[in-house]
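If you want the building blocks of each chain, they are given just below.
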Amino acid sequence: MRRPQLDIQLKTPEQIELMRAAGLVVAAALDRMRAAVAPGVSTADLDAIAESVIREAGGTPSFKGYHGYPASICSSVNEQVVHAIPAPTQVLRDGDLISIDCGAILDGWHGDAAITVGVGEVRPELLRMAEVAQDAMWAGIRAAARGMLSGRGRLTDISYAVERAVRAAGRYGIVEGYGGHGIGTEMHQDPHVLNHGRPGRGPKLVPGMALAIEPMVTLGSPRTVELDDGWTVITRDGSIAAHVEHTMALLDDGVWVLTAPDGGRARLGDLVTAREPAQSSA
Ligand code: MF3
Ligand code: CO
């Protein structure tokens, strides 16, 4: 059976430097929002922070106007998985778990990342789930770096590594139907990156690829429903969900986690490209 041809945009190292600048804007916006998360703060407040950080850096919020999306972030609280629209009426409460997804365009290049943060005092099992999602994301990024460096890696090695990390951590749902993606001069490019599946399939992992890796996990069923607003995705069983994301690029000497302030150094060590200064502080 013939597979549909994927249209993968390979970037030059110079273009990846431009994506790094965009990634750092997203990182700065997420840092500011993480610091602002507290009981009594609305998701619209967080959205305003994101928009101002991005615009002050000379960037444009990429989500705004994307297929009509009305805001600069997706703010998905508790059973909301992804793509929830911020609102002044959605006020954070002690014990909530919020996933904040943010994207920016700088000089025509995109960055896209998400964090999951507890509000006030949060049940340990929720924080643990957020950590599992994050560990799985890093496992996927590590697999991409190793696969590219060996010359034998393929796209679904990432999917496999993400799934394995989640399964090894416990009985979590891995959301299907949403996943990571190529990224560059558009937010969403080929290829789609599943968060589960067998390794060794799909395009080869080669220098110049830039991918957003974004696991979504739940404390219950992996099944989701989209609400009538046409955006908000919630778990079907009402279980709490977590979503984290980084944009990363493959260079011939290693990986660059473009939306991580330290380029991924703390988590990946020598797998990180020499373009990331070694003395960079996280
Ligand atoms: N950041 C999301 C993703 O990773 C996209 C958000 S959808 C938007 O795919 F409409 F809000 F932009
Ligand atoms: Co994304």
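Residues numbered from 1 in each chain as written. Chains lettered and ligands numbered in written order. Predicted model: local features only at pLDDT ≥ 70, side-chain atom pairs only at ≥ 80, totals over all residues. Heavy atoms only, no water.

Our focus in this paragraph is the sheet that holds strand β9 (residues 210-213). Here we have five strands laid out as an open sheet, ordered β8-β7-β9-β14-β15, and antiparallel in their pairing. In the strand order of this sheet, the two ends are held by β8 (189-193) and β15 (254-257), each with one partner. The sheet shows a mean angle of 25 degrees between the axes of neighbouring strands, taken without regard to direction. By the bridge criterion, four bridges tie β9 to strand β14 (residues 246-251) in an arrangement that is antiparallel. (Pairing = 2+ DSSP bridges. Helix = DSSP H or I, 4+ residues; strand = E, 2+ residues; numbered from the N terminus. Axes fitted to C-alpha atoms, helices over the stretch in contact; angles between N-to-C directions.)

Here we come to the side chain of Ser-72. With respect to the helices, strands and loops of the structure, Ser-72 is situated in the loop between β1 (60-61) and β2 (73-77). If sequence neighbours within four positions are ignored, Ser-72 has contacts with Asp-47, Ala-50, Glu-51, Pro-61, Phe-63, Lys-64, Asp-101, Cys-102 and Gly-103. (Contact = heavy atoms within 4.5 Å.)

What follows covers the environment of Asp-7. Here Asp-7 is to be found in the segment before α1 (13-36). Using a relative accessible area of 61% as the deciding quantity, one classes Asp-7 as exposed. For the pair formed by Asp-7 and Gly-269, sequence separation is 262 residues and the distance between their alpha carbons is 31 Å. (Buried < 20%, exposed > 50% of the residue type's maximum accessible area, 1.4 Å probe, protein only.)

What follows concerns the site of ligand 1. Around ligand 1 lies a shell of 13 residues, among which Phe-63, Asp-101, Asp-112, His-188 and Glu-214 are the nearest. Contact distances for ligand 1 include 3.3 Å between an oxygen atom and a side-chain N or O atom of His-181. At a separation of 3.2 Å, an oxygen atom of ligand 1 approaches a polar side-chain atom of Glu-245. A total of 340 Å² of accessible area belongs to ligand 1 in isolation, and the protein chains cover 96% of it. Across the shell around ligand 1, the residue classes break down as six nonpolar, three polar and four charged. (Near = heavy atom within 4 Å. Polar contact = N/O pair within 3.5 Å; in protein donor to acceptor, adjacent residues only side chain to side chain. Areas by Shrake-Rupley, 256 points an atom, 1.4 Å probe, with all protein chains shown as cover. Nonpolar A, V, L, I, M, F, W, Y, C, P; charged D, E, K, R; others polar.)

Turning our eyes to something else, we now look at the UniProt feature "binding site: substrate" (unreviewed entry) in the chain. Residues given the UniProt feature "binding site: substrate" (unreviewed entry) here are His-83 and His-188. These residues run over 106 residues, yet every pair of their C-alpha atoms falls within 14.4 Å of each other. Counting through the fold element by element, His-83 comes out in the loop between β3 (80-82) and β4 (97-106). For His-83, the contacting residues outside a window of four places in its chain are Tyr-69, Cys-74, Ser-76, Tyr-178, Trp-231, Thr-232 and Val-233. (UniProt positions renumbered as here; feature names shortened; annotations may be inferred.)

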